[in-house]
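The primary structure of each chain is shown beneath.
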Amino acid sequence: MSKKDYEGRNEDPQIGDPTIARVVCGMKRNMILIPKPHTTFILIQCNQCEEKKVVFSHTTADVYCKKCGAMLVKRTGSKAEILGKVINNLD
Ligand SMILES: [Zn+2]
């Protein structure tokens with residue numbers, strides 16, 4: 001596989017493939033494309049009791065406050081709707 005072939009691809013390089021390993025080493029660090037998920041973990045705070053909780057950005061289950069029971073995150077088809085206060089994105 002040539003260098004050009006590799007750059008055109010958008011999928012995971014096969015780990016352990018000596019050809020790809022050589023190509024990656026010859027490229028500048030900021031040019032190497034590494035696939036990353038679009039999902040994150042978010043630290044949110046309850047609007048009512050200020051309890052903090054870490055939730056998944058695409059959670060498939062409704063998240064409630066452990067202390068007061070208020071809904072913090074509402075599930076949707078894709079990215080969850082955050083009802084609490086977002087403090088931080090944990091990556
Ligand atoms: Zn609460």
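Residues numbered from 1 in each chain as written. Predicted model: local features only at pLDDT ≥ 70, side-chain atom pairs only at ≥ 80, totals over all residues. Heavy atoms only, no water.

**Thoughts on the overall build of the protein chain**
Phase 1: Helix and strand content of the protein chain: 2 helices and 6 strands.
Phase 2: Along the protein chain, helices and strands appear, N-terminal first, in the series α-α-β-β-β-β-β-β.
Phase 3: Counting the 91 residues in the protein chain, one finds 23% classified as buried.
Phase 4: Here the protein chain has roughly 7,100 Å² of accessible surface; of this, 51% comes from carbon and sulfur atoms. (Helix = DSSP H or I, 4+ residues; strand = E, 2+ residues; numbered from the N terminus. Buried < 20%, exposed > 50% of the residue type's maximum accessible area, 1.4 Å probe, protein only. Areas by Shrake-Rupley, 256 points an atom, 1.4 Å probe, with all protein chains shown as cover.)

**Details of the coordination of the zinc ion**
Phase 1: Distances from the zinc ion to its protein donors, namely Cys46 (SG), Cys49 (SG), Cys65 (SG) and Cys68 (SG), fall within the range 2.2 to 2.3 Å.
Phase 2: Around the zinc ion sit 4 donor atoms, and with donor-metal-donor angles ranging over 100 to 118 degrees the site reads as tetrahedral.
Phase 3: Between consecutive donors of the zinc ion, the numbers of intervening residues give the motif C-x2-C-x15-C-x2-C. Of this pair, Cys49 sits in the loop between β1 (41-45) and β2 (52-56) while Cys65 sits in the loop between β3 (63-64) and β4 (71-74); the two residues are 16 residues apart in sequence, bridging distant segments of the chain. (Donors = N, O, S within 2.8 Å, 3.2 Å for Na, K, Ca; no water. Tetrahedral: all angles 85-135°; square planar, octahedral: opposite > 155°, others 65-115°.)

**Concerning the sheet that holds β2**
Phase 1: Reading across from one edge, β2-β1-β6 is the order of the 3 strands in this open sheet, with antiparallel pairing throughout. With partners counted over all chains shown, the strands left at the sheet margins are β2 and β6 (85-90), one partner each. Recorded for the sheet is a direction-independent mean angle of 30 degrees between the axes of neighbouring strands.
Phase 2: Pairing geometry for β1 and β2, over 5 bridges, is antiparallel. Directly across from Phe41, in β2, lies its bridge partner Phe56. (Pairing = 2+ DSSP bridges. Axes fitted to C-alpha atoms, helices over the stretch in contact; angles between N-to-C directions.)

**Some details on the nonpolar core**
Phase 1: Of all hydrophobic cores here, the largest spans 10 residues; its members are Ile42, Ile44, Cys46, Val55, Val63, Cys65, Ala70, Leu72, Val73 and Ala80.
Phase 2: Put simply, the parts of the chain that give this core at least two residues each are β1 and β4.
Phase 3: Ignoring anything within four residues of it in the chain, the contact list for Ile42 reads Lys53, Val54, Val55, Ser57, Ile82, Val86, Asn88 and Asn89. (Core = buried A, V, L, I, M, F, W, Y, C linked by side-chain atoms within 4.5 Å. Contact = heavy atoms within 4.5 Å.)

**Focus: the pattern of salt bridges**
Phase 1: As enumerated under the stated definition, the model contains 1 salt bridge in all.
Phase 2: A salt bridge links Arg75 to Asp62; its shortest N-O distance comes to 3.7 Å. With Arg75 in the loop between β4 and β5 (81-82) and Asp62 in the loop between β2 and β3, this residue pair connects regions lying 13 residues apart in the sequence.
Phase 3: Residue class for Asp62 comes out partly exposed when judged on its relative accessible area of 26%. (Salt bridge = Lys/Arg side-chain N within 4 Å of Asp/Glu carboxyl O.)

**Things to note about unusual backbone geometry**
Phase 1: Phi angles above zero are rare outside glycine, and Glu50 is one such case at about 65 degrees.
Phase 2: Secondary-structure assignment places Glu50 in the loop between β1 and β2.

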